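The chain contents come next:
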Amino acid sequence: MLILVPGNLFSSIPYWPVFNVGNEKYSFLFLPVLLGMKFKFFNHIPQKYLKLLSKFLIKISAIGIILTILSYYFSFITLYGVCLLAVIFLVTMFIFRLKDNKNDTPFAEAVNGIRVLAVEKDTPASNMDISIGDIITEVNDVAVKSESEFYQALLKHPTYCRIKLTTPNNVIKLTETAIYNDTPHELGIVMFKKV
């Protein structure tokens, strides 16, 4: 992290870069600090929720840039600006946590089919436009409610797979693909296992 330090703090150190702006002296100070955040969410589809969260964080960053520019002209704004950004950030994260807790989980066990928890890349499932949170109700025209029923129905036509599923928005979708010898033996679907 690069920090702009006002005053004569580093002027006594030889070869330390010090520059003047008006009557003030400034120096750069590099701090090897990594900033980050950790946010767990359980009741939303990751791609959609992270996109929404990133939009809010970009807006907070824009506010930070505006406050930085204002603090150049009005030095008293600096401390208040940092405090304001911290409060806005914490309130935003708190609101997102509340939204996550209020939402019904798309990863609960499905009664009328099999819930999709993940889709592996470069597999037949990724080519079939199957998404996280979908509920698979039929495979090769056979109703399925467990992982074993899913694979038994898949073996009915081992070279072809036709899946009927319901999206999280309650839209019924049919998708199909041919399964070739060089494709993985599994479709690439991670399912909610019944206990």
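One can find the structure itself at the top, above this paragraph.
Worth saying up front: this structure is predicted, and the values here are computed from it rather than measured. Every chain begins its residue count from 1, and numbering advances along the sequence as written. Owing to the predicted nature of the model, reporting of local features is limited to residues with pLDDT of at least 70; listing and counting of side-chain atom pairs is limited to 80 or more, with chain, interface and lining totals taken over all residues. The basis for every side-chain value is the complete set of heavy atoms in the structure, and neither hydrogens nor water enter the calculation.

## Topic: the pairing of strand β5 (residues 135-139)
Phase 1 of the analysis: Taken across its 5 residues, β5 has 4 buried, putting it largely inside the fold.
Phase 2 of the analysis: In this structure, strand β4 (residues 114-119) lies alongside β5, joined through 2 bridges in antiparallel fashion. Paired with Ile114 across the two strands is Ile136, which belongs to β5.
Phase 3 of the analysis: Should DSSP find at least two bridges between two strands, the strands are regarded as paired. Numbering of helices and strands starts at the N terminus; helices are DSSP runs of H or I of at least 4 residues and strands are runs of E of at least 2. Bridge count between β5 and strand β7 (residues 160-166): 4 bridges; the pairing is antiparallel. Each residue of the ladder has a partner; that of Val139, found in β7, is Ile163.
Phase 4 of the analysis: Sheet analysis places β5 next to strand β6 (residues 142-143), joined by 2 bridges and oriented antiparallel. Within the sheet, the bridge partner assigned to Val139 lies in β6 and is Val142. Relative accessibility under 20% of the residue-type maximum defines a buried residue, over 50% an exposed one, and the middle range a partly exposed one, all with a 1.4 Å probe and only protein chains included.

## With respect to the pattern of salt bridges
Phase 1 of the analysis: A pair is scored as a salt bridge if a Lys or Arg side-chain nitrogen falls within 4 Å of a carboxyl oxygen belonging to Asp or Glu. Scanning all chains against the criterion turns up 3 salt bridges.
Phase 2 of the analysis: For the salt bridge of Asp129 with Lys173, the shortest nitrogen-to-oxygen distance reads 3.5 Å. Here the residue Asp129 occupies a position in the loop between α3 (124-127) and β5, and Lys173 occupies one in strand β8 (residues 172-178), the gap between them amounting to 44 residues.
Phase 3 of the analysis: Across the salt bridge formed by Arg162 and Glu176, the nearest N and O atoms sit 3.8 Å from each other. On the criterion of sequence distance, the pair formed by Arg162 in strand β7 and Glu176 in strand β8 is long-range, its members being 14 residues apart.
Phase 4 of the analysis: Residue class for Arg162 comes out partly exposed when judged on its relative accessible area of 31%.
Phase 5 of the analysis: Among the charged side chains, a network of salt bridges with common partners joins Asp141, Arg162 and Glu176.

## Details of the packing of helix α1 (residues 46-73) against helix α2 (residues 77-102)
Phase 1 of the analysis: To get an axis, fit a line to the C-alpha atoms, keeping to the stretch in contact for a helix; angles then go from 0 to 180 degrees between the N-to-C directions. Look at α1 against α2: their axes get within 10 Å of each other, and the N-to-C directions meet at 170°. Accordingly, the angle class assigned to the pair α1 and α2 is roughly antiparallel.
Phase 2 of the analysis: For this classification, the nonpolar set comprises Ala, Val, Leu, Ile, Met, Phe, Trp, Tyr, Cys and Pro, the charged set comprises Asp, Glu, Lys and Arg, and every other residue, Gly included, is treated as polar. Considering only residue class, the contact of α1 with α2 consists of 16 nonpolar, 5 polar and 3 charged. For classification purposes, an angle smaller than 35 degrees is called roughly parallel, one larger than 145 roughly antiparallel, one from 65 to 115 roughly perpendicular, and anything else oblique.

## Structural notes on α2
Phase 1 of the analysis: Over its 26 residues, α2 extends 37 Å from the first C-alpha to the last, a length consistent with the 38 Å expected when each residue adds 1.5 Å.
Phase 2 of the analysis: Of the positions making up α2, those classed as buried are Ile77, Gly81, Thr92, Met93, Phe96 and Asp100.
Phase 3 of the analysis: Only heavy atoms enter the contact rule, under which two residues are in contact if any of them lie within 4.5 Å. Buried residues in α2 make contact with α1. One less than the residue count of a helix, multiplied by 1.5 Å, gives the span that helix is expected to have.

## Details of the packing of aromatic side chains
Phase 1 of the analysis: Here a pair means two rings of Phe, Tyr or Trp (six-membered ring of Trp) with centres within 6.5 Å. Their orientation is stacked below 30 degrees between planes, edge-to-face above 60, and tilted elsewhere. One pass over the structure, following the stated rule, counts 5 aromatic pairs.
Phase 2 of the analysis: Ring plane angle 80° and centroid distance 5.2 Å describe the contact between Phe56 and Phe96, whose orientation is recorded as edge-to-face. Of this pair, Phe56 sits in helix α1 while Phe96 is found in helix α2, placing the two residues 40 residues apart along the sequence.
Phase 3 of the analysis: Judged by its relative accessible area of 30%, Phe56 is partly exposed.
Phase 4 of the analysis: An aromatic cluster of at least three residues, connected via ring pairs, comprises Tyr49, Phe56 and Phe96.

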